[in-house]
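Residues per chain, in single letters:
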Amino acid sequence: MEDLAARRVERKVCLSNKYGLHIRPASLFTKVASRYNADVYVEKEGTVVSGKSILALMTLGAACGTELLLTAIGEQSSEAINELAGLVSRKFDIPEEQD
Amino acid sequence: MRSNSGVMRVFKGLPASHGQVAGTVYVFRKKWREQVPEYDISAVLISSEIERLQEAFTLTRHQIHSLSAELCKRVSGSESATFEGHVMILDDPVVIDKCQNKIKEQLCNAEWAVHSVVSEYAAIFESMEDEYLRERVNDIYDIGSRLIRNLLGVSDMAASLVTKPCIIVAEELSPSETISLPRHLIMGFATDRGSLTSHASLISRALGIPAVVGIGNLSEIAANGDYLLVDGTSGTVILHPDQNAIDELNKAAEINKTFNISLEELKNKLGQTKDNVRVPLIANIDSGTTISDLEAVGAEGVGLYRSEYLWLALNREPTEDEQTEAYTRAVRALEPDQEITIRVLDLGGDKIIANSKKPGEANPFLGNRSIRYLLRNPDVFKRQLRAVLRSSVHGKLQIMYPMITVLEELRETNQILAECMDELRREGRGFNENIKQGVMVEVPGAALIADSLAVESDFFSIGTNDLIQYTLAVDRLNESVARLYQPAHPAVLQLIDMTIKAGHAHNSKITVCGEMASDPVMAVLLYGMGVDEFSMTPNMIPLVKKVFSCIIRDDALQLAAEVRGMYAQEASTLYQYCKEKLLRLVPNVPL
């Protein structure tokens, strides 16, 4: 248990891209999350879904300005959270989502 | 052929894609939701039903891949990324698991299993508060209908039934429906639902097919073979038009056509007014913009090179050498007489660098961003300034400082620039000793002290987007206050006017590099106020160039003088006044 807790990383992020978590941002998030050896969860107002399921992420209905809690558990949890939080803060690097 | 017996009816919708077209209607009905067969299967058939389901998933994946490839060939944009998302949904184990469980638990056929799962997800999407996200339910329906069609062995209905040129009328079109229609036969689109940002609208714009969306109930009223006019520029659709309406449409189409041709003719000419006064039209670019993009629109230089994209692309600070290479590449890509303005790192606020581990700020737009960040991190700043200086031997390159608010910032910045020059001299590296440095005026405080800033800088570039946001205290992405984002607000215009006067008093050149530069109405007003050159997103250059070529300098000067006398009025009144005036001078411009 203790071991697992040590490998649990959480980070609050704010979704700032223009159109929220629709198919394209969700697909990029899923892709990154899937690269890491860690379980990734995304929570919005108490609803928790897998960060590796594109459809589950889309069902959150997270619009621009939503606070999300990212949680990763596993060997690469901190790497996963760092990259995912970066991706969200850079508005998924999608040009149309920037302004 | 042409059934035009009904009474003329005019519909108003949203202008989704420019252009006018007249033709016969083909009503594309989406009926799969009603037509999905439902039947029980016996337990022994479960495995074969699941196999059928898996085959349909595989086939659907292939189809979407080829649609995506097709779209890539036809449009350069990122729209094809949507289809990548569709493939990922098909690959999402949750989706196929749910369908398989339905088959196992409810002993239903695969079509019904897909239908139930899609309906469950659709219900979630349809209850979302955010309109844009709610509209994404179409991505789910799109995948669902394709899966069901494949299970039923029915081919792409839309694609196979359209055999002659027509205007597609539908309740709504999914992205894959839009793209799978035979392009050469589709004259236009008119749909009951949809918004300007729905995928179908984006795709029709990319393909250059006139489209009007959000019309209401056209698809219930129009029938196959009816005659229909679609004006994607005004957002009007006319069913059973009379001769008068047809003539009007043809006239509009003719104007549009000549206007587009004249844009093309101007491509290789320099920006100037009708009375031959030069108005340089230059481009805002980032490291991803190619030189052919600039040539295609006839840009005469670069007024804003957004260096932060180097940071964003690498997800770290680029080294001095990496920066030198990038800036050198950009300056060399231009003609020798063309200028490029490199804006130093404008990060912070909403674009925080992942690696810098800065604690979150309560108010990032009023926080440690841009020049403030650079002055607090002089090592980062020096590496960038050295790179800009080293690149300056390759062409006409100048430096721009964003977010300058107080005079000390400009002084400290110039001090650091001088130190970098000393270092380079000692190292024996070449750079342009007379490199120009300018201030990006985007904070009201900077506009108000423009006079003292002008003394210690060589040029001003007015960043109107931030200037408006900071002057009017409005975040234009916040829908509840977005209407207060008013470029023609008298406060904004007076700050700009003040900046121009202060700059010109010290022989500083004035550029505008915000979105106001690309709105012909505002550009003409600003030109009248004294702005020397306009920097904008490349694809807007032809339109603005055309507008300037149709006016004489005195028209603009007179407009500015009139507007200066109207500062007691509302912004919308000012804007409308400028727009009407411009339309009188350039009647055919599509504004």
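Here goes a summary of the coordinates provided. No experiment lies behind these values; they were computed from the predicted model shown.

Attention now moves to the overall build of chain A. Each helix and strand in chain A was counted, giving 4 helices and 4 strands. N-terminal to C-terminal, the α/β element order of chain A is α-β-α-β-β-α-β-α. Within chain A, buried positions represent 58% of all 99 residues. Considering only contacts in chain A between residues 6 or more positions apart, those separated by 24 or more positions represent 72%. Carbon together with sulfur atoms contributes 48% to the accessible area of chain A, which is approximately 4,200 Å² in total.

Below, the discussion takes up the interface of chain A and chain B. Taken together, the contacts link 28 residues of chain A with 30 residues of chain B. Contact between chain A and chain B buries roughly 2,400 Å² in total, counting both sides, with carbon and sulfur atoms accounting for 67%. Our count for the contact surface shared by chain A and chain B stands at 0 salt bridges. For the pair chain A and chain B, the interface holds 3 residue pairs in polar contact (both at pLDDT 80 or more). For the side of chain A that touches chain B, the elements supplying multiple residues, two or more each, are helix 2 (23-34), helix 3 (54-58) and helix 4 (77-89) of chain A. If one sorts the elements of the side of chain A that touches chain B by residue count, helix 2 of chain A sits on top with 5 residues. Per-class residue counts for the side of chain A that touches chain B are 10 nonpolar, 10 polar and 8 charged.

What follows is about the sheet that holds strand 3 (residues 47-50) of chain A. Residues and elements named next belong to chain A. Pairing is antiparallel across the open sheet formed by 4 strands, whose spatial order is 1-4-2-3. Of all strands in the sheet, those with a lone pairing partner are strand 1 (8-14) and strand 3, marking the two edges. Here the average twist between neighbouring strands, direction ignored, is 25 degrees. Summarising the sheet, strand 2 (residues 39-44) and strand 3 pair through 4 bridges and their orientation is antiparallel. Paired with Lys 44 across the bridge in strand 3 is Thr 47. Packing against the sheet, helix 4 makes contact with strand 1, strand 2 and strand 4 (67-73), and its axis sits at approximately 5 degrees to strand 1.

With that settled, the discussion passes to helix 7 (residues 137-152) of chain B. What sets the pattern is the α-helix's 3.6 residues per turn: residues three or four places apart point alike. Residues and elements named next belong to chain B. With 16 residues, helix 7 ought to run about 22 Å at 1.5 Å a step, and its terminal C-alpha atoms sit 22 Å apart, in line with that. Among the 16 residues that make up helix 7, 15 are buried, leaving the element largely enclosed by the rest of the structure. Where helix 7 terminates, the next one or two residues include Gly 153, which has phi positive at roughly 75 degrees.

Here B:Lys546 lies in helix 24 (residues 541-549). Judged by its relative accessible area of 15%, B:Lys546 falls in the buried class.

Cut-offs applied
Residues numbered from 1 in each chain as written. Chains lettered and ligands numbered in written order. Predicted model: local features only at pLDDT ≥ 70, side-chain atom pairs only at ≥ 80, totals over all residues. Heavy atoms only, no water. Helix = DSSP H or I, 4+ residues; strand = E, 2+ residues; numbered from the N terminus. Buried < 20%, exposed > 50% of the residue type's maximum accessible area, 1.4 Å probe, protein only. Contact = heavy atoms within 4.5 Å. Areas by Shrake-Rupley, 256 points an atom, 1.4 Å probe, with all protein chains shown as cover. Buried area = accessible area lost by both parts, 1.4 Å probe. Salt bridge = Lys/Arg side-chain N within 4 Å of Asp/Glu carboxyl O. Polar contact = N/O pair within 3.5 Å; in protein donor to acceptor, adjacent residues only side chain to side chain. Nonpolar A, V, L, I, M, F, W, Y, C, P; charged D, E, K, R; others polar. Pairing = 2+ DSSP bridges. Axes fitted to C-alpha atoms, helices over the stretch in contact; angles between N-to-C directions. Expected span 1.5 Å × (residues − 1).

Fair warning: the whole summary comes from geometry, so function is off the table for now.
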